[in-house]
Amino acid sequence: MPMALDISRLNKVVVMRMHFKKNRHQHGFTLLEVLVALVIVGTALGASLRAIGSLTQNSADLRIAMMATWSAENRLTQIRLAREWPPLGQRGSDCPQGELVLRCEEDIFATPNPAFRRVQVTVVDTDGRKVLTLSQVVPNAI
């Protein structure tokens with residue numbers, strides 16, 4: 001009988017060792033798995049930052065374009081409401097919108113009908129970049 005006890009004890013020890021080894025290998029991640037996960041997360045964060053930067057730049061450009069549209073429309077409305085008959089040629093004036101400094105450059109052209117002139121307003125930002133060009137035909141109010 002003592003021999004049977006020793007075998008059962010031996011079986012228990014073997015089973016406990018197998019269980020310990022089995023559990024020891026199932027916990028945690030390997031260094032390679034962690035590095036791969038870090039590369040994936042880093043790539044995703046880099047792409048996200050680039051997208052956010054692009055959205056910010058697009059938002060600023062849209063804001064400038066909207067303000068330039070308002071400036072050009074304001075100048076063309078001033079000419080129309082004043083019933084101005086602008087002289088042929090070029091002229092310019094500052095046309096700021098809020099804290100945004102813009103310049104409106106006007107080109108006045110003759111049309112095939114001498115009773116009309118075409119006024120083209122180009123809005124330029126502080127860097128000299130053309131932001132927008134609008135045009136309208138002005139009748140001679142006389």
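The preceding data block contains the structure.
Conventions and cut-offs
Residues numbered from 1 in each chain as written. Predicted model: local features only at pLDDT ≥ 70, side-chain atom pairs only at ≥ 80, totals over all residues. Heavy atoms only, no water. Helix = DSSP H or I, 4+ residues; strand = E, 2+ residues; numbered from the N terminus. Buried < 20%, exposed > 50% of the residue type's maximum accessible area, 1.4 Å probe, protein only. Polar contact = N/O pair within 3.5 Å; in protein donor to acceptor, adjacent residues only side chain to side chain. Disulfide = S-S within 2.5 Å. Pairing = 2+ DSSP bridges. Axes fitted to C-alpha atoms, helices over the stretch in contact; angles between N-to-C directions. Salt bridge = Lys/Arg side-chain N within 4 Å of Asp/Glu carboxyl O.

Engineer: Explain the environment of R63 here, please?
Structural biologist: Note on placement: R63 falls in helix α2 (residues 31-81). Exposure remark for R63: the relative accessible area of 32% places this residue in the partly exposed category. For the pair R63 and L100, spaced 37 residues apart in sequence, the C-alpha to C-alpha distance is 9.9 Å. A distance of 2.3 Å separates polar atoms of two side chains, one belonging to R63 and the other to E99.

Engineer: I would appreciate a short explanation of the state of the cysteines in the present structure.
Structural biologist: A covalent bond between the sulfur atoms of two cysteines is referred to as a disulfide. Summed over all chains, the structure comprises one disulfide. Note that C95 is cross-linked by a disulfide to C104, the S-S spacing being 2.1 Å. Here the S-S torsion is close to 100°, and the disulfide linking C95 with C104 is therefore right-handed. The burial state of C95 is the same as that of C104; both residues are buried.

Engineer: I keep staring at the sheet that holds strand β4 (residues 130-139) and nothing clicks. Help me out?
Structural biologist: Within a sheet, adjacent strands bond to each other through the backbone by hydrogen bonds, running parallel or antiparallel. The antiparallel open sheet is built from four strands, whose spatial order is β1-β2-β3-β4. What marks the edges here is a single partner per strand, and that holds for β1 (89-94) and β4. Geometrically, the sheet is characterised by an average inter-axis angle of 20° between neighbouring strands, direction not taken into account. Where strand β2 (residues 103-110) lies against strand β3 (residues 116-124), eight bridges are found, and the strand directions are antiparallel. Bridged to E105 within β3 is T122.

Engineer: What should I look at first to understand the pattern of salt bridges in this one?
Structural biologist: When their charged atoms lie close together, side chains carrying opposite charge are able to pair. Scanning the model with the defined rule gives seven salt bridges in all. Of the charged contacts, one joins E106 and R75 as a salt bridge, the two residues approaching to 2.4 Å between their closest N and O atoms. Taken together, the residues span a long stretch of sequence, with E106 in strand β2 and R75 in helix α2 at a distance of 31 residues. R75 shares its class with E106; the two are buried.

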